[in-house]
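Coordinate inspection notes
So the chains spell out like this:
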Amino acid sequence: MYSFRKYLPFYKRNLKVAFPVMVTQAGQVVVQLADNIMVGHVGTAELAGVSFANAIFMIGFVTLIGFSQGLTPLVGESYAKGQHQRASQLLRNSFTLNLLIYLAAGLLLTGVGFFMPRMGQDPQVVPFAQTYYFIMLVSLIPSSVFFSARFFADGLGDTRHAMWITVASNILNIFLNWLLIFGHFGLPALGVTGAAIATLISRFFCSGIFVAVLFKARTFSQYAREALTERIDRQTIAAISRLSLPIALSSMLESTAFSFAVIMVGWIGKVELAAHQIANSLGQLSFMVACGIGAAATIRVSHQFGAGRIDDTLMAGRASVHMGVFYMFACGLLFVLLRNVLPYAYTSDPEVVKYASRLIVMLSLYQISDAVQLTSMASLRGLKDTKRPMLYAAMSYYGIAIPSAYLFAFVFGIGPEGVWLGLLLGLSVAAVLFYRRFHRICREAAKPETNFVHRPR
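Right, let's walk through the structure included here. (Residues numbered from 1 in each chain as written. Predicted model: local features only at pLDDT ≥ 70, side-chain atom pairs only at ≥ 80, totals over all residues. Heavy atoms only, no water.)

**Thoughts on the overall build of the chain**
- Per the secondary structure count, the chain includes 16 helices and zero strands.
- With the C-alpha coordinates aligned to their principal axes, the bounding extent of the chain is approximately 60 × 50 × 40 Å.
- In the chain, which comprises 457 residues, the proportion classed as buried is 60%.
- Partitioning the contacts of the chain with sequence separation of at least 6, the portion at a separation of at least 24 is 83%.
- Element-wise, carbon and sulfur atoms account for 67% of the exposed surface of the chain, whose accessible area totals about 18,300 Å².
- Distance from the positive charge centre (36 side chains) to the negative charge centre (20 side chains) of the chain: 9 Å. (Helix = DSSP H or I, 4+ residues; strand = E, 2+ residues; numbered from the N terminus. Buried < 20%, exposed > 50% of the residue type's maximum accessible area, 1.4 Å probe, protein only. Contact = heavy atoms within 4.5 Å. Areas by Shrake-Rupley, 256 points an atom, 1.4 Å probe, with all protein chains shown as cover. Lys, Arg positive; Asp, Glu negative; His and termini not counted. Charge placed at Lys NZ, Arg CZ, Asp CG, Glu CD.)

**A closer look at the state of the cysteines**
- Under the defined criterion, the tally for this structure stands at zero disulfides.
- In this structure Cys291 is a free cysteine whose sulfur lies 12 Å from that of Cys331, the closest cysteine sulfur available.
- For Cys291, a relative accessible area of 15% corresponds to the buried category. (Disulfide = S-S within 2.5 Å.)

**Thoughts on the packing of aromatic side chains**
- Scanning the entire structure with this criterion turns up 19 aromatic pairs.
- Between Tyr133 and Phe134, the aromatic rings sit 5.6 Å apart at their centres with planes inclined by 70 degrees, giving edge-to-face as the arrangement.
- Measuring from ring centre to ring centre gives 5.7 Å for Phe152 and Tyr223, while their planes differ by 75 degrees; the resulting arrangement is edge-to-face. Pair noted here: Phe152 is in helix H6 (residues 140-155) and Tyr223 is in helix H9 (residues 218-229), with a separation of 71 residues, a long-range link.
- Residue classification places Tyr223 among the buried residues on the basis of a relative accessible area of 8%.
- Cation over ring: Arg13 sits above Phe10, and NZ or CZ is 5.0 Å from the ring centre.
- Directly above the ring of Tyr355 sits Lys354, whose terminal nitrogen or CZ lies 5.6 Å from the centroid. (Phe/Tyr/Trp six-rings, centres within 6.5 Å; stacked < 30°, edge-to-face > 60°. Lys NZ or Arg CZ within 6 Å of the ring centre and 35° of its normal.)

Remember that the coordinates give geometry; whether it matters functionally is a separate question.
Take a look at the structure:
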């Protein structure tokens, strides 16, 4: 039976870890939010172009972030066991591996950009999309450095440094947007190009600052110095890859489902696509902040599991689910109440505002399912269980969400709302599967006759 008093210590400890990550995660999406809001006041075609570019870019970007996240539970387990040299070894090898993976992905995504004119979008939208997209691809280089440092720090349970660095980076990004999009202090008004350049500069800034922090801050300096003397080790690379690849693929499956939704809405029209981007960017804001709760779940679960405390592992995971549901429910309620007001932050086009207000209602409906699937999957990562959840993600997003979205939108003629209904169905199935999986593993590990070490399946 649920007892608030029983869970209260876990809420407090989870929140202590989660709050800085929530701010950091919000910062990641604020970059896009600022671009969308400022570009939206340049024109509807420009806003739709940035929306389309981000739909393609985010497939790769979210996948790469997912790959980097595999470092956190490995470092968390090493930290809980007092294996500090192992943590330094993981830091050195993850930096090298992430840089190579991000560069390879950037080359692949460059080729994808040349096919944008053949993806059925409005001809006015594509030039803006390609301009923004190709500049954003360059930002993958500093991003590989930032996420290597950040997810290592998360594994140690230190989430505050990433928060402050991200806040500073976002302030810089918004200021540069103001300068470069609209043209101030004698600079030319670059529009979409200016938004992309501003984001690129801010990402180089935050990655450089984080590297400096690794060597200067007391929490990290010993690990960073020792990492310089560690060699690139095939076994360590393999250990990171075995955990990271399923996480990356799961992230890709979810992000492509939402990106395909953008493309499908683009088939309907540029006004609908611009409206979809408004609702989608609000959804990304609530989701990315909730990812802070998920990141805390991974950290807390990995620490408890690494120390052999199975009951506390289960409680930490459940507490994260409770916190995620509460937060996302509040977001959904706020979205509904402000559905006729929020779109004006992006555009003054009355048609776009009308469509966006309807889609915001659809957005609010799937907030709880999104919270459960997010926090449950994050808890599974803390257990280093990634392969089975990847299969669940494939079934939920590719087997249910995408086909349902197309069926509701075009076969049943519901339109953009039908796309969102399909996403809701897929997220709900994922939530049930991930939550049950986490409970089953914890129950098995708690049995006296069960070997404590869980081997991912």
